[in-house]
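Chain by chain, the residues run as shown.
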Amino acid sequence: MTRNGDSRIGVVGATGAVGTVTLSLLAERGYENVRAFASARSADCEVTFGRRRLPVEEATPEVLAAGDLDVCFLSISASISRELVPHAINGGTVCIDKSAAFRLEPEVPLVVPEVNGDRALEHDGVIAVPNCCTIPLTCALEPLRKAAGIARVRVATYQSASGAGTQAMERLRAKRPEDLDLAMDWDFGGEEFDEETKIRDETRKIMELPSLPISATCVRVPVLVGHAEAVWVETEQPLSAEAARDLLAQAPGVRLVEAPTPAQAAGTDDVLVGRVRIDRAGGDGLSFFIVCDNLRKGAALNAIQIAELLPASRAVAA
Ligand SMILES: NC(=O)c1ccc[n+]([C@@H]2O[C@H](COP(=O)([O-])OP(=O)(O)OC[C@H]3O[C@@H](n4cnc5c(N)ncnc54)[C@H](OP(=O)(O)O)[C@@H]3O)[C@@H](O)[C@H]2O)c1
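These numbers were taken from a predicted model, which means no experiment stands behind them. (Residues numbered from 1 in each chain as written. Predicted model: local features only at pLDDT ≥ 70, side-chain atom pairs only at ≥ 80, totals over all residues. Heavy atoms only, no water.)

### Regarding the overall build of the protein chain
(1) Moving on: Each helix and strand in the protein chain was counted, giving 10 helices and 13 strands.
(2) Moving on: The globule rule puts the C-alpha radius of gyration for 318 residues at 20 Å, and the 19 Å found for the protein chain is close to it.
(3) Moving on: Looking at the protein chain as a whole, 53% of its 318 residues are labelled buried.
(4) Moving on: When contacts within the protein chain are restricted to residue pairs at least 6 apart in sequence, those whose partners lie at least 24 apart make up 68%.
(5) Moving on: Counting every atom, the protein chain has about 13,900 Å² of accessible surface; 49% of that belongs to carbon and sulfur.
(6) Moving on: Here the protein chain contributes 33 positive and 45 negative side-chain charges, whose respective centroids are spaced 3 Å apart. (Helix = DSSP H or I, 4+ residues; strand = E, 2+ residues; numbered from the N terminus. Rg over C-alpha atoms; globule rule 2.2 N^0.38 Å. Buried < 20%, exposed > 50% of the residue type's maximum accessible area, 1.4 Å probe, protein only. Contact = heavy atoms within 4.5 Å. Areas by Shrake-Rupley, 256 points an atom, 1.4 Å probe, with all protein chains shown as cover. Lys, Arg positive; Asp, Glu negative; His and termini not counted. Charge placed at Lys NZ, Arg CZ, Asp CG, Glu CD.)

This is the structure in structure tokens:
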């Protein structure tokens, strides 16, 4: 996707938490030829795009199939993505989808540019953006895997309200401090939340480690932006905390800090990693803490970075 000019870009879900950040990142990066789409409810609204205002168009199958968009960033529910993406592909548009709709389909690349960017070029019209916790987790695991192999991963997440969209942010803003609490607002499948299953399945797919033992426990905390993750990793070869720190300090997209917090991460592009130490529970284990802006690297920024891996021409499908 060429910057500053030629690419004709659509942002579907432009009024939402991720769509709003997608527009602001596209404007920051100098893209100009951008259209905003949402549901019929927003069709008379405008959204901010840099110094301009863009009219919001209704995202109908006909409009998306018209053939006048090169790249479309979709941040809408999985069910609406399933409905709209095939029409956009028919119109020759490359779809970069942030929902869970296509992530585990074998022929659809699931891409974190720092980990498996090459896979983006194998797309057949749609590229999936991983879950907002999986992206930073794989950015931190990849340099450790390359150096020492990964034998097992355990992760506990502390996820912000914005991970559940604009309405969840408004509900949190309306609460009094004494009413704040943890939440577990994902679909429960009997043993674990779908969010926990996504972290396992997506990490395995991105890292191409199909039987990696990995287990997650997810909790939503009363924080507006920034997902945190406590991670315990067992490596195949011994790796000291100092060596892990050195690897993480050089890893693309990662910034090593003392003790990352959501306030530090919100509004920034890096995956913050800190508190890197030997796991005192034993084995060849390390423990560390990750925090990332879930709306930027956890969603919108990762999607734009994927688009920037693609050749400038239209119809870039392999
Ligand atoms: N929030 C995160 O941190 C995060 C991270 C990674 C991935 N994701 C995924 O990204 C997607 C969007 O999440 P979000 O947090 O941005 O949600 P959100 O704030 O609730 O926004 C949803 C967007 O979808 C639009 N929409 C609803 N129905 C539509 C329709 N029929 N046609 C076209 N657009 C429609 C809404 O437009 P109206 O204003 O017109 O209703 C709104 O712009 C979800 O699949 C989510 O799982 C979110």
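From this point on, the discussion continues.
### A few points about the site of the ligand
(1) Moving on: Near the ligand there are 26 residues, and of these Thr15, Ala17, Ser39, Ser42 and Ile76 occur at the shortest range.
(2) Moving on: Contact distances for the ligand include 2.9 Å between an oxygen atom and a side-chain N or O atom of Arg41.
(3) Moving on: With respect to the ligand, the side chain of Asn294 contributes an N or O atom lying 3.0 Å from an oxygen atom.
(4) Moving on: At the level of elements, helix 1 (17-28) and helix 10 (296-307) are the ones that each hand at least two residues to the shell around the ligand.
(5) Moving on: Split into classes, the residues belonging to the shell around the ligand amount to 10 nonpolar, 14 polar and two charged. (Near = heavy atom within 4 Å. Polar contact = N/O pair within 3.5 Å; in protein donor to acceptor, adjacent residues only side chain to side chain. Nonpolar A, V, L, I, M, F, W, Y, C, P; charged D, E, K, R; others polar.)

### Looking at the nonpolar core
(1) Moving on: Of all hydrophobic cores here, the largest spans 92 residues; its most connected members are Val12, Leu26, Val34, Phe73, Val273 and Phe288.
(2) Moving on: Setting aside residues up to four positions removed in sequence, Val12 forms contacts with Phe37, Ala59, Leu64, Cys72, Phe73, Leu74, Ser75, Ile76 and Leu84.
(3) Moving on: Membership of the second largest hydrophobic core comes to eight residues, among which are Ala156, Ala230, Phe289 and Val291. (Core = buried A, V, L, I, M, F, W, Y, C linked by side-chain atoms within 4.5 Å.)

### Focus: the packing of helix 1 against helix 10
(1) Moving on: Interhelical geometry of helix 1 versus helix 10 gives an angle of 50° and a closest axis separation of 9 Å. Compared by their axis directions, helix 1 and helix 10 come out oblique. Helix-helix and strand crossings are classified by hand; for helix 1 and helix 10 the assignment is right-handed. On helix 10, the residues that touch Val18, Val21, Thr22, Leu25, Leu26 and Glu28 of helix 1 are Arg296, Ala299, Ala300, Leu301 and Ile304. (Axes fitted to C-alpha atoms, helices over the stretch in contact; angles between N-to-C directions. Parallel < 35°, antiparallel > 145°, perpendicular 65-115°, else oblique. Left-handed = near helix turned anticlockwise from the far one by under 90°.)

### Topic: the sheet that holds strand 1 (residues 9-12)
(1) Moving on: Pairing in this open sheet of seven strands is mixed, and the strands run 3-4-2-1-5-6-7 from one edge to the other. Whereas interior strands pair on both sides, the edge strands pair on one side only; in this sheet they are strand 3 (46-49) and strand 7 (126-128). Taking the axes of each pair of neighbouring strands and ignoring which way they run, one obtains an average angle of 25° across the sheet. (Pairing = 2+ DSSP bridges.)

### Remarks on the pairing of strand 2 (residues 34-38)
The side chains of a regular strand alternate between the sheet's two faces.
(1) Moving on: Most of strand 2 is tucked away, with four of its five residues classed as buried.
(2) Moving on: Both strand 1 and strand 2 contribute to a ladder of four bridges, which runs parallel. Looking across to strand 2, one finds that Val11 is bridged to Ala36.
(3) Moving on: Bridge analysis of strand 2 against strand 4 (residues 52-58) gives three bridges, and the strand direction is parallel. What sits directly across from Ala38, in strand 4, is Glu58.

### A few points about the pattern of salt bridges
(1) Moving on: In the structure shown here, the tally under the stated rule is 20 salt bridges.
(2) Moving on: When the shortest N-O distance is used, the salt bridge between Asp179 and Arg176 registers 2.9 Å.
(3) Moving on: In this structure, Glu192 engages Arg200 in a salt bridge whose closest nitrogen and oxygen atoms are separated by 2.2 Å.
(4) Moving on: Residues joined in a network through salt bridges with shared partners are Glu28, Asp269 and Arg296. (Salt bridge = Lys/Arg side-chain N within 4 Å of Asp/Glu carboxyl O.)

### Concerning unusual backbone geometry
Glycine aside, a negative phi is what most residues show, and trans is what most peptide bonds show.
(1) Moving on: Phi angles above zero are rare outside glycine, and Glu208 is one such case at about 55°.
(2) Moving on: Among the secondary structure elements, Glu208 is positioned in the loop between helix 7 (194-207) and strand 9 (214-220).
(3) Moving on: One non-glycine residue, Arg275, lies in positive phi territory at about 55°.
(4) Moving on: Its location among the elements puts Arg275 in strand 12 (residues 271-278).
(5) Moving on: Exposure remark for Arg275: the relative accessible area of 45% places this residue in the partly exposed category.

### Considerations on the packing of aromatic side chains
(1) Moving on: For the structure shown, the criterion picks out three aromatic pairs.
(2) Moving on: Judged by centre distance (6.0 Å) and plane angle (50°), the ring pair of Tyr158 and Phe289 falls under tilted. With Tyr158 in strand 8 (residues 150-159) and Phe289 in strand 13 (residues 285-292), the pair connects residues that are 131 residues apart, well separated along the chain.
(3) Moving on: Judged by its relative accessible area of 34%, Tyr158 falls in the partly exposed class.
(4) Moving on: With a centroid separation of 5.5 Å and an interplanar angle of 65°, the aromatic rings of Phe188 and Phe193 are classed as edge-to-face.
(5) Moving on: You can call Phe188 exposed: its relative accessible area is 53%.
(6) Moving on: Aromatic rings pair up to connect Trp186, Phe188 and Phe193 into one cluster. (Phe/Tyr/Trp six-rings, centres within 6.5 Å; stacked < 30°, edge-to-face > 60°.)

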